[in-house]
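Residue-level listing of the chains:
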Amino acid sequence: MDLVRHLRYFTVVAEELHFGNAAIRLGMAQPPLSQRIKRLEEELGVRLFDRSARQVRLTEAGRLLLGEAREIVARVDRLHELARQGEGTVLKVGLPPDLAAAAIAALVAGFRETNPAVRLAPAEIWTADQVTALAEGTIDVGLVRHPVAAPGLRFGQVLAQPQGVLLAEGDPLAGVGEVHLADLAGRELLMPPQEGEPGLYAEMLSECRRHGYVPVQVHEGAGLGLVLAGAAVAFGPKVELPGLVWRPLLGSPITCRVSTAWRQAVAAPIDELVDDFSAVAVRTLKESAGMTDEGAVSVRRISRRPGMLA
């Protein structure tokens, strides 16, 4: 557990005494915030808040911790600031953990071409954690997946990428040209973690249900081991890996949408670097990942039907 980050969450909730308001201030959803406060309480072995339907109050343990927590968070922030001053200009970037390695390499190389004196410091974190990190100043710019609700953030150009389905090479659907979502009936599904990608998670499952596919079970993770083992299927861009087969989905019902994101108020010189990174990200993701401008992806209407091969 990242103790400092959880203490930061605690101080904001203690100041607001309202989980919903604290979540808005932190730029995150309320359920993950509640879960992280619970983890902190479990780690410390004490209850920090008295919760009721009408109000949230600090316990005695919470009141005693608040002053120390504020001091710890302030000291860590100061250490980060001192470290940044000592290492020159650094742009801290958040990237999805499942972004293709080739795309990450192209992003780093593309940014270095235009800003050779700036060190790019990428961190692989999911969208929800990027939103929090942006609000806290832990990262300067992120590459987030939509839909995402994040008050206080600005977004770059949104790019879209139709998703196909990844199957084990022994799956009966591996020989089909295009797969209807309903054909996946009876199969388990591997997805990015709900806590890390809540918007994408909900949107994908909604599209699956709308087109007749209700996964037997949903697994969460970034690796493809379950797909290789034939225990699940996954959605993603076209990829060639031993033991796996990628097939397009009929009608392109599932699309991944991404953009850069940053705080509304960014001081110089980071503001110009954020603009440069956003431009490089758009160019690189179009060239190396085959993404297109949102709205340019054509989606064919398809009818719901029961699975043919499930």
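See the structure shown above.
Below or above, wherever it landed, is the structure these notes cover. Small disclaimer: the values here were computed from a predicted structure and weren't measured. (Residues numbered from 1 in each chain as written. Predicted model: local features only at pLDDT ≥ 70, side-chain atom pairs only at ≥ 80, totals over all residues. Heavy atoms only, no water.)

Some words on the pattern of salt bridges
Enumeration according to the criterion identifies 19 salt bridges in this entry. With its nearest N and O atoms 2.8 Å apart, the salt bridge here joins E60 to R63. In this pair, E60 and R63 are both assigned in helix α4 (residues 60–86), three residues apart and thus about one turn of the helix distant. K92 is paired through a salt bridge with D140; the nearest N and O atoms lie 3.6 Å apart. (Salt bridge = Lys/Arg side-chain N within 4 Å of Asp/Glu carboxyl O. Helix = DSSP H or I, 4+ residues; strand = E, 2+ residues; numbered from the N terminus.)

Observations concerning the nonpolar core
L91, L95 and F277 are the most contacted members of the largest nonpolar core, which has 27 residues in total. Going through the elements one at a time, β3 (90–95), α5 (101–114), β5 (141–146), β13 (255–263) and α9 (270–289) are the ones with two or more residues in this core. A total of eight residues in this core trace back to one element, the largest contributor, which is α9. Contacts of L95, omitting those with residues within four sequence positions, involve I104, L107, P122, A123, E124, I125, Q130, L143 and F277. (Core = buried A, V, L, I, M, F, W, Y, C linked by side-chain atoms within 4.5 Å. Buried < 20%, exposed > 50% of the residue type's maximum accessible area, 1.4 Å probe, protein only. Contact = heavy atoms within 4.5 Å.)

Observations regarding the packing of helix α1 (residues 3–16) against helix α3 (residues 30–44)
Running from N to C, α1 and α3 cross one another at 115°; their axes reach a closest spacing of 10 Å. With respect to each other, α1 and α3 are oriented roughly perpendicular. Our pair here, α1 against α3, has a crossing hand that is left-handed. In this structure, α1 contributes L3, H6, L7, Y9, F10 and V13 to the contact, and α3 contributes L33, R36, I37, R39 and L40. The residue inventory of the contact of α1 with α3, partitioned by class, reads eight nonpolar, one polar and two charged. (Axes fitted to C-alpha atoms, helices over the stretch in contact; angles between N-to-C directions. Parallel < 35°, antiparallel > 145°, perpendicular 65-115°, else oblique. Left-handed = near helix turned anticlockwise from the far one by under 90°. Nonpolar A, V, L, I, M, F, W, Y, C, P; charged D, E, K, R; others polar.)

Nothing here speaks to function; it is all geometry.
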